[in-house]
Amino acid sequence: RIVGGIMLNLNATAAQVPQEVARLDATTQRQLNANAAVLVRGLRQDLDMTTGEFATYVGLTPTLISSIEEVQINVSYALVADIAHRAGKRLNIEYR
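Novice: Please clarify how helix 4 (residues 77-86) should be interpreted in this entry.
Specialist: Where helix 4 is concerned, the buried positions are Tyr77, Val80, Ala81, Ile83 and Ala84. On an axial view of helix 4, the arc spanned by its buried residues comes to 160°, and they lie on one face. Two residues or fewer after helix 4 comes glycine 88, characterised by a positive phi angle close to 85°.

Novice: Please clarify how the environment of glutamine 31 should be interpreted in this entry.
Specialist: Along the chain, glutamine 31 turns up in helix 1 (residues 26-46). Note on glutamine 31: relative accessible area 31%, which makes it partly exposed. Between the C-alpha atom of glutamine 31 and that of valine 71, which follows or precedes it by 40 residues, the distance is 10.0 Å.

Novice: Please explain unusual backbone geometry as it appears in this structure.
Specialist: Trans peptide bonds make up the majority, and among non-glycine residues the majority have a negative phi. Its identity is not glycine, yet aspartate 48 carries a phi of approximately 55°, on the positive side. Residues other than glycine seldom take positive phi values, yet valine 71 does so here, at roughly 55°. Assignment of secondary structure puts valine 71 in the loop between helix 3 (62-69) and helix 4.

Novice: What is the right way to look at the pattern of salt bridges in this model?
Specialist: Under the counting rule described, the total for this entry stands at 3 salt bridges. For arginine 44, the salt bridge identified is with glutamate 69, shortest N-O distance 2.7 Å. Here arginine 44 is found in helix 1, whereas its partner glutamate 69 is found in helix 3, with 25 residues between them in sequence. Overall, glutamate 69 belongs to the buried group, its relative accessible area being 5%. The residue aspartate 82 makes a salt bridge to arginine 86 at a minimum N-O spacing of 2.8 Å. Residue aspartate 82 and its partner arginine 86 are both found in helix 4; the two are separated by 4 residues, about one turn of the helix. Take arginine 86: its relative accessible area is 36%, and that puts it in the partly exposed class. Each of Arg41, Arg44 and Glu69 takes part in a single network of salt bridges with overlapping partners.

Definitions and limits used
Residues numbered from 1 in each chain as written. Predicted model: local features only at pLDDT ≥ 70, side-chain atom pairs only at ≥ 80, totals over all residues. Heavy atoms only, no water. Buried < 20%, exposed > 50% of the residue type's maximum accessible area, 1.4 Å probe, protein only. Helix = DSSP H or I, 4+ residues; strand = E, 2+ residues; numbered from the N terminus. Arc of directions from axis to C-beta. Salt bridge = Lys/Arg side-chain N within 4 Å of Asp/Glu carboxyl O.

The values reported here are purely geometric and, on their own, carry no functional implication.
So, in structure tokens, the structure goes:
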């Protein structure tokens, strides 16, 4: 998934998120939020889980998972990578 010139794939851990992507401009943040929603919802649906079940599975609150899926909060690459890691996936970030 392309986010502000950066491609997100499930192949890297939160610790591997480059420092350069820690600070985002407003447009890139909105794009990241939207793509994180798709990614998190996709992870949850691939596991055939409800929001509550997925939240428990990844050790987070249902409110946080729901807020991400509904694009109600600003997320970081590290948070998305952490959720992916907790779901048994890795997040890969490629610059385009």
